[in-house]
Amino acid sequence: MANTYTQLNIHGVFSVKGRENTLSSAIRSELFPYITGILKSTENYPLAVNGFKDHIHVFFEIIPSQSISEIMNKVKTNSSKWINDRKFMPGRFSWQEGYAAFSYSRSQRNNVIQYIMNQEQHHHKTTFREEYLNLLEEFKVEYDLKYLFEFYN
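We now turn to the structure provided with this report.

1. Side note on the nonpolar core
Judged by nonpolar contacts, the single largest core of 23 residues is most densely connected at Leu-23, Leu-31, Ile-56, Val-58 and Trp-95. Of all the elements in the fold, those that place two or more residues in this core are β1 (9-15), α1 (25-41), β3 (55-61) and α2 (68-85). With 6 residues, the top contributor of residues to this core is α1. Excluding residues within four positions of it along the chain, Val-58 makes contact with Ile-10, His-11, Gly-12, Phe-14, Ile-35, Leu-39, Ala-48, Val-49 and Met-72. Val-13, Tyr-104, Ile-116 and Leu-136 belong to the second largest nonpolar core, which has 17 residues in total.

This is the structure in structure tokens:
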């Protein structure tokens with residue numbers, strides 16, 4: 001009987017909703033392992049989870065029986081519920097609708113992991129808006145500015 005063999009590396013990016021909903025370093029230190037656990041629970045293999053005050057990057061090997069949108073929905077839904085249940089911030093926390101996702105080859109994995117794990121240093125020089133637009137342009141993704149995230153500086 002033939003098996004299915006894949007090696008699919010997905011880099012997802014999503015953002016917080018609302019200026020008051022920033023992810024402090026204390027929240028991030030608990031949130032990133034939690035998101036890693038969500039990815040594992042969906043039978044996907046987390047490679048890197050990190051971000052900064054207003055956004056998250058997830059990099060994982062995806063299994064072919066699941067769609068990127070299913071996984072991103074589970075990550076965002078479960079993590080926002082987890083943040084709200086722990087009352088990490090006043091009011092209701094949520095992620096903005098949508099996300100971006102990009103695929104990388106096996107030979108690019110280490111560079112992507114390093115990039116994601118250095119988010120805090122990276123954002124001393126570059127805003128999330130600049131980073132996000134650069135990714136869209138690098139991957140030649142057509143977009144309309146009116147449908148992008150609300151960016152907070």
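2. Observations regarding the layout of surface pockets
Which parts of space are left empty comes out when a probe the size of a water molecule is rolled across the atoms. The space that makes up the second largest pocket amounts to roughly 170 Å³. Tyr-99, Ala-100, Tyr-132, Tyr-147 and Leu-148 are, among the 14 residues lining the second largest pocket, the residues nearest its centre. Listing elements by their share of the lining of the second largest pocket, those giving two or more residues are β4 (100-104) and α5 (128-138). Considering every element that reaches the lining of the second largest pocket, the biggest residue donor is β4, with 3 residues. A class-by-class count of the residues in the lining of the second largest pocket yields 11 nonpolar, 2 polar and 1 charged.

3. What to know about the pairing of β3
Taking burial as the measure, the 7 residues of β3 include 6 buried ones, the bulk of the element. Note that β1 and β3 share 7 bridges and pair antiparallel. Looking at β3, one finds that Asn-9 is bridged to Glu-61. Here 7 bridges tie strand β2 (residues 45-52) to β3, and the two strands are oriented antiparallel to one another. What sits directly across from Ala-48, in β3, is Phe-59. Two successive antiparallel strands, β2 and β3, enclose a turn made up of 2 residues.

4. What to know about the sheet that holds β1
Pairing is antiparallel in the open sheet, where 4 strands are placed in the order β2-β3-β1-β4. Where the open sheet ends on each side, the last strands, each with one partner, are β2 and β4. Within this sheet the neighbouring strands show an average axis-to-axis angle of 15 degrees, counted without direction. Of the strands in this sheet, β1, β2 and β3 touch α1, which is tilted by about 150 degrees from β2. In the packing of helix α3 (residues 109-117) onto the sheet, contacts are made with β1, β2, β3 and β4, and the angle to β2 comes to roughly 35 degrees.

5. Quick word on the environment of Leu-135
Tracing the backbone through its elements, the reader meets Leu-135 in helix α5. For Leu-135, a relative accessible area of 5% corresponds to the buried category. On a C-alpha basis, the gap between Leu-135 and Phe-102 in space is 8.5 Å, while along the polypeptide they are 33 residues apart. Setting aside chain neighbours within four positions, we find Leu-135 in contact with His-11, Val-13, His-57, Phe-102 and Tyr-104.

Criteria and thresholds
Residues numbered from 1 in each chain as written. Predicted model: local features only at pLDDT ≥ 70, side-chain atom pairs only at ≥ 80, totals over all residues. Heavy atoms only, no water. Core = buried A, V, L, I, M, F, W, Y, C linked by side-chain atoms within 4.5 Å. Buried < 20%, exposed > 50% of the residue type's maximum accessible area, 1.4 Å probe, protein only. Helix = DSSP H or I, 4+ residues; strand = E, 2+ residues; numbered from the N terminus. Contact = heavy atoms within 4.5 Å. 1 Å grid on protein atoms, 1.4 Å probe; cavity = no way out; pocket = protein on both sides within 12 Å on 5 of 7 lines; lining within 4 Å. Points joined across faces, edges and corners; volume = space filled by probe spheres on them. Nonpolar A, V, L, I, M, F, W, Y, C, P; charged D, E, K, R; others polar. Pairing = 2+ DSSP bridges. Axes fitted to C-alpha atoms, helices over the stretch in contact; angles between N-to-C directions.

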